[in-house]
Amino acid sequence: SKAEVYYTNGHEQINQGHHADAIPFLEKAIKADPTGNCGTNTKGKAHNDLGYAYYRSGDTIRAMQFYNEALRLNHANPYARINKAALLMVQKKHTLAVKELTTLTQTNPDFVDGYLQRGYIYHAENHLELAKADFEKVLALNEKNQVTPAPILKTIEHKVDEINSILKHRHELSATPA
């Protein structure tokens, strides 16, 4: 179909790093197939990719519009949700990003990136118990499905050790009589 050809061309442009060049192809794909399926068997896939192309081209407003449309078409699409959360993080809208990532972990409980990104936000905001829980979930999921790259696992293991030390120190301080 025309939609599939346009989508494939747009996706290839993204893979080559030519994000602005991908936009017209993906727009034509969506015009030909408003569900955004475009032969991918995933509603909203083209909308998510178009959002990403806009984001990488510097148009965050259009990016958010297409991430939202991708999620409207397919509430459980983990890629649209993680991309939307990443955009919210860049915009320093951490509360909204956490909300998106929480929805992601509820709709796709084995999608590691949801816990990883939310853990980073919690860690940055000094919500150490919440960060530790998310980082430990990343480690547990990785034992099951081995999708997290080794350098990231090392970083997460280090962060869990660091958090354990801080929490232990805080507990010792609070247990010390005045």
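These remarks concern the structure in this document. (Residues numbered from 1 in each chain as written. Predicted model: local features only at pLDDT ≥ 70, side-chain atom pairs only at ≥ 80, totals over all residues. Heavy atoms only, no water.)

## Details of the packing of aromatic side chains
Working step 1: Within this structure, the stated rule accounts for three aromatic pairs.
Working step 2: On the numbers, 5.4 Å between centres and 85° between planes, the contact of Tyr 79 with Phe 111 is edge-to-face. Here Tyr 79, found in helix 5 (residues 78-90), pairs with Phe 111, found in the loop between helix 6 (94-107) and helix 7 (112-124); they are 32 residues apart in sequence, far enough to count as distant.
Working step 3: Plain terms: the ring middles of Tyr 120 and Phe 135 are 5.7 Å apart, the flat faces sit at 65° to each other, and that makes the pair edge-to-face. On the criterion of sequence distance, the pair formed by Tyr 120 in helix 7 and Phe 135 in helix 8 (residues 128-145) is long-range, its members being 15 residues apart.
Working step 4: We classify Tyr 120 as partly exposed; its relative accessible area is 28%. (Phe/Tyr/Trp six-rings, centres within 6.5 Å; stacked < 30°, edge-to-face > 60°. Helix = DSSP H or I, 4+ residues; strand = E, 2+ residues; numbered from the N terminus. Buried < 20%, exposed > 50% of the residue type's maximum accessible area, 1.4 Å probe, protein only.)

## Description of helix 7
Working step 1: Here helix 7 contains 13 residues, and its C-alpha end-to-end distance of 19 Å stays within 8% of the 18 Å for a straight helix at 1.5 Å per residue.
Working step 2: Along helix 7, the positions that sit buried rather than exposed are Val 112, Gly 114, Tyr 115, Leu 116, Arg 118, Gly 119, Ile 121, Tyr 122 and His 123.
Working step 3: Structurally, helix 7 contributes buried residues whose contacts are with helix 5, helix 6, helix 8 and helix 9 (150-175).
Working step 4: Two residues or fewer past helix 7, Asn 126 is found with a positive phi of approximately 65°. (Expected span 1.5 Å × (residues − 1). Contact = heavy atoms within 4.5 Å.)

## A word on unusual backbone geometry
Residues other than glycine predominantly adopt negative phi, and peptide bonds predominantly adopt the trans conformation.
Working step 1: Positive phi, normally seen in glycine, also occurs at Cys 38, with a value near 50°.
Working step 2: Position of Cys 38 relative to the elements: it lies in the loop between helix 2 (19-32) and helix 3 (45-56).
Working step 3: The backbone of Asn 41 shows a phi angle near 65°, a positive value even though the residue is not glycine.
Working step 4: Take Asn 41: it is sitting in the loop between helix 2 and helix 3.
Working step 5: Overall, Asn 41 belongs to the exposed group, its relative accessible area being 73%.

## Quick look at the packing of helix 3 against helix 5
Working step 1: At a minimum axis separation of 9 Å, helix 3 and helix 5 run at an interaxial angle of 25°. Viewed along their axes, helix 3 and helix 5 adopt a mutual orientation that is roughly parallel. The crossing of helix 3 and helix 5 is left-handed. Mapping the contact onto sequence places Asn 48, Tyr 52 and Tyr 55 in helix 3 and Tyr 79, Ala 80, Asn 83, Leu 87 and Val 90 in helix 5.
Working step 2: Tallied by class, residues from the contact of helix 3 with helix 5 come to six nonpolar, two polar and no charged. (Axes fitted to C-alpha atoms, helices over the stretch in contact; angles between N-to-C directions. Parallel < 35°, antiparallel > 145°, perpendicular 65-115°, else oblique. Left-handed = near helix turned anticlockwise from the far one by under 90°. Nonpolar A, V, L, I, M, F, W, Y, C, P; charged D, E, K, R; others polar.)

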